[in-house]
Amino acid sequence: MAIEVRPATRFTDVAAVLGPKRPDANVCWCLSYRIPARENRALVGTARGEYVKGLCRRKPAPGVLAYDGDEVAGWAAVAPRSETTFATSRKIPHVDDQAVWSVWCVRVRPGHRKQGISHHLVAGAVAFARDHGAPVLEAYPVDNGGERVDPTMAYVGTRALFEAAGFEVAAPTGSVLNGFPRVLMRLDLR
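This structure is a prediction, so every number in the text was calculated from the model and none was measured.

How would you sum up the overall build of the protein? Please name residues and give values.
Within the protein, the regular secondary structure consists of five helices and seven strands. Reading the secondary structure of the protein in the N-to-C direction produces β-α-α-α-β-β-β-α-β-α-β-β. Taking 2.2 N^0.38 as the reference for a compact globule, 190 residues should give roughly 16 Å; the C-alpha atoms of the protein span a radius of gyration of 15 Å, in line with that estimate. Overall, the C-alpha framework of the protein stretches about 40 × 40 × 35 Å when taken along its three principal axes. The burial tally for the protein puts 46% of its 190 residues in the buried class. For the protein, the proportion of contacts with a sequence separation of at least 24, taken over those separated by at least 6, is 65%. For the protein, the computed accessible surface area is about 9,700 Å², with 51% contributed by carbon and sulfur atoms. Distance between charge centroids for the protein: 6 Å, based on 25 positive and 19 negative side chains.

Below, the structure is given as structure tokens:
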């Protein structure tokens, strides 16, 4: 079946990718970079899912979802950088003063991995940001040089994934994940 990427407006589909098996469990819900650390720590249990449910009702949606037929296969978080913790990060530099958007989490559900879904998600994030007027889209993947990245840390993507979508390295960062340096990559959408 063809993969279709759509805005993440259906909370049940977002929950299928990001949510815990138990609704009261404290999992990321892709909030770690979206909201300030203090607020992130204060949201516990079901409050985390409720917060994401509210994001799904906002315009623009908090990201995009990939569908394999009727089944949700993956998620990519994409939003204006000004609405994320990247706006004030000490480790992720600002290249210039443009109103850039960020894509920082690409997750593919088990059973759908190794089928190119992450490439569809990045392409969908690019289209979503462009459709909402973003002049530039940034990503902060690991520069793993082709080495294996632990699946629990692979959510930031790899340099190769974003290069395949046309992104270029714009700057090094002070961030390291899973032992690999992260790079700031950009794609001009104008």
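How would you sum up helix α4 (residues 117–131)? Please name residues and give values.
Taking 1.5 Å of rise per residue, 15 residues should cover 21 Å, and α4 covers 21 Å from first to last C-alpha, within 8% of that figure. G133 occupies a position one or two residues after α4 and carries a positive phi of about 85 degrees.

Any details on the side chain of R48? Residues and values, ideally.
Along the chain, R48 falls in helix α3 (residues 46–57). One buried charged side chain, R48, makes no salt bridge at all; its nearest oppositely charged neighbour is E39, positioned 9.2 Å away. A distance of 2.9 Å separates the side chain of R48 from the backbone oxygen of C28, its partner in a polar contact. At a separation of 2.8 Å, a polar atom in the side chain of R48 contacts the side chain of N40. Setting aside chain neighbours within four positions, we find R48 in contact with N26, V27, C28, W29, L31, N40 and L43.

Definitions and limits used
Residues numbered from 1 in each chain as written. Predicted model: local features only at pLDDT ≥ 70, side-chain atom pairs only at ≥ 80, totals over all residues. Heavy atoms only, no water. Helix = DSSP H or I, 4+ residues; strand = E, 2+ residues; numbered from the N terminus. Rg over C-alpha atoms; globule rule 2.2 N^0.38 Å. Buried < 20%, exposed > 50% of the residue type's maximum accessible area, 1.4 Å probe, protein only. Contact = heavy atoms within 4.5 Å. Areas by Shrake-Rupley, 256 points an atom, 1.4 Å probe, with all protein chains shown as cover. Lys, Arg positive; Asp, Glu negative; His and termini not counted. Charge placed at Lys NZ, Arg CZ, Asp CG, Glu CD. Expected span 1.5 Å × (residues − 1). Salt bridge = Lys/Arg side-chain N within 4 Å of Asp/Glu carboxyl O. Polar contact = N/O pair within 3.5 Å; in protein donor to acceptor, adjacent residues only side chain to side chain.

What is shown is where atoms sit, not what they do.
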